[in-house]
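Fold and contact review
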Amino acid sequence: MKTYKYPLGKQSNTIRIGNLLDDMWQVHDYFHKWQDQRYREGLPYADYHAMSAHLTDLKQTTHPHWNALPSQAIQEELIRIDNAYVRFFKKLGGKPKRKPRHKFKSITYPGSAGWSLKNNRITITFRKWEKGKWRYDRVAYTFHKHRQWHGTIARITIKRDSCGGYWLCLTTTYTDFRPLPATGKSVGADFGMKDAYLTLSTGEKIQHPQPLKQNLNKLRSLNKALSGKQKGSNGWWRCVRQIARLYREVSDQRKDFHWQLASKLCKKFDTIVLETLNLDGMKRLWGRKVSDLAFYQFVEILRYKCSKHKRLFKEINQWTATTKPCSTCGFHNENLTLKDRQWTCPECGSDHDRDINAAINILRAGIAVT
Ligand SMILES: [Zn+2]
């Protein structure tokens, strides 16, 4: 499965998509509340089929206006809720949360009903009650088709972002698989907070652009401007949107850097070994910087890239000793502290850079596991 994401153009009729999302939120809101209430009354959990039956009831009695909503998209929303609860019961996730309206951001059309695609235009079918019967209203939207999709489209999702823009996501059955020629090289990589973002066992150090840090002053002054404005006024909204746009810019820059770095590593090496990170511990120590560096996002991108290009991706346990052993003779330097960036092995006398030494040890541990 591969998803392609296209921005929808700014058109006056996108407001209908916004309204549709708000209406779909009502379904989301209703069923979460309903599950909560059933739980409080001691009733058993109502699964997807029970919710679906209840929905049919509602449409015929108290909520006839829900007939105007795309029924497949409602079913999809019920499946989402059911999945969230099933995960919760299996202790895989937290208690499902009801989203406030402005955080309800996407609807999905499974299959091919309710929409049609032609070139760079998508036509969405809205239903409306007119002169005693249901009528269809087909509204076309153009999107910026910056690349062609491959495979057959399994589902489409329409998303709204916090900057007020709309996006079309096409999920296709296409699997992106483009093996790269073997290079015969392996690499160990050590994540760092201080000297470099990523230190490779080849001795290369890669710096992170830290987009949030770069934009912190801008963000602070915008937040200051926001606090001086009257909540809900035009100026306040303008400011809210500016902040949202800045955040999007920051996250786009970060993502761009991560994709390029992952791509570079995949081109150069057959095997890539990383150390599993203890993110919670790092967050406690370093705070905002950890979020700005977004290690987890990078690992996920690298994992995807490796499977696409047929590279071996290995993660070694975070309890494996990688910092203290000397990579030349294996001597454990117990006197090593966090401050020591450079050290000399008392056993064999080789000079080490702390991070490069760790990266070499990570590579060695990864190869030993394989
Ligand atoms: Zn040594």
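Secondary structure assignment for the protein yields 10 helices and 14 strands. By the burial criterion, 21% of the 370 residues in the protein qualify as buried. When contacts within the protein are restricted to residue pairs at least 6 apart in sequence, those whose partners lie at least 24 apart make up 63%.

Here helix α5 (residues 216-227) crosses helix α6 (residues 234-268) at 160 degrees, and the two axes come no closer than 9 Å. Between α5 and α6, the angle is such that the two are roughly antiparallel. Between α5 and α6 lies a crossing of left-handed hand. Across the interface between the two elements, Lys 218, Leu 219, Leu 222, Asn 223, Ala 225 and Leu 226 of α5 pack against Trp 236, Cys 239, Val 240, Gln 242, Ile 243 and Leu 246 of α6. Residue composition of the contact of α5 with α6, grouped by class: nine nonpolar, two polar and one charged.

Next up on the list: the domain arrangement of the protein. By convention, interface size is frequently given as the accessible area that disappears when the constituent parts associate. According to the domain assignment, the protein consists of domain 1 (2-172) and domain 2 (186-209 + 259-369). Between domain 1 and domain 2, the C-alpha centre-to-centre distance is 42 Å.

Once that is clear, we can look at the environment of Ile 367. By secondary structure assignment, the location of Ile 367 is in helix α10 (residues 354-369). With 15 C-beta atoms counted inside 10 Å, the residue Ile 367 sits in the partly exposed group. When the C-alpha atoms of Ile 367 and Gly 188 are compared, they prove to be 9.4 Å apart, with 179 residues separating the residues in sequence.

Once that is clear, we can look at the sheet that holds strand β11 (residues 271-275). Strand order in the open sheet formed by five strands is β10-β9-β8-β11-β12, with mixed pairing between adjacent strands. Each edge of the sheet is formed by a strand with only one pairing partner; in this case those strands are β10 (205-206) and β12 (312-316).

This paragraph deals with the environment of Gln 148. Note on placement: Gln 148 falls in the loop between β5 (133-142) and β6 (153-160). Separated by 29 residues in the primary sequence, Gln 148 and Asn 119 place their C-alpha atoms 9.5 Å from one another.

Time to look at the nonpolar core. Ranked by internal contacts, the top residues of the largest apolar core, which has 24 residues, are Met 24, Ile 74, Leu 78 and Ile 158. For this core, the element with the highest residue contribution is helix α1 (residues 14-40), accounting for six residues. Setting aside residues no more than four positions away along its own chain, Ile 158 makes contact with Ile 17, Ser 106, Ile 107, Tyr 166 and Leu 168.

The backbone of Lys 91 sits at a positive phi, close to 60 degrees, despite the residue not being glycine. Structurally, Lys 91 can be placed in the loop between α3 (71-89) and β2 (106-110). Accessibility expressed as a C-beta count within 10 Å gives 7 for Lys 91, which makes it exposed.

All right, on to the packing of helix α2 (residues 48-60) against α3 then. Between α2 and α3, whose axes approach to 9 Å, the crossing angle comes to 140 degrees. By the angle between their directions, the pair α2 and α3 is classed as oblique. For α2 against α3, the interelement crossing comes out right-handed. Residues Tyr 48, Met 51, Ser 52 and Leu 55 of α2 lie in contact with α3, whose contacting residues are Ile 74, Gln 75, Leu 78, Ile 79 and Asp 82. Residues of the contact of α2 with α3, tallied by class, amount to six nonpolar, two polar and one charged.

Okay, the sheet that holds strand β4 (residues 121-130) next. Strand order in the open sheet formed by three strands is β3-β4-β5, with antiparallel pairing between adjacent strands. Only two strands of the sheet have a single partner each, and these edge strands are β3 (115-118) and β5. The sheet shows a mean angle of 25 degrees between the axes of neighbouring strands, taken without regard to direction. Relative to β4, β3 runs antiparallel, the two sharing four bridges. Looking across to β4, one finds that Ser 116 is bridged to Thr 123.

Cut-offs and rules
Residues numbered from 1 in each chain as written. Predicted model: local features only at pLDDT ≥ 70, side-chain atom pairs only at ≥ 80, totals over all residues. Helix = DSSP H or I, 4+ residues; strand = E, 2+ residues; numbered from the N terminus. Buried ≥ 20, exposed ≤ 12 C-beta atoms within 10 Å, placed from the backbone. Contact = placed C-beta atoms within 7 Å. Axes fitted to C-alpha atoms, helices over the stretch in contact; angles between N-to-C directions. Parallel < 35°, antiparallel > 145°, perpendicular 65-115°, else oblique. Left-handed = near helix turned anticlockwise from the far one by under 90°. Nonpolar A, V, L, I, M, F, W, Y, C, P; charged D, E, K, R; others polar. Domains from an automatic or database assignment. Pairing = 2+ DSSP bridges. Core = buried A, V, L, I, M, F, W, Y, C linked by C-beta atoms within 7 Å.

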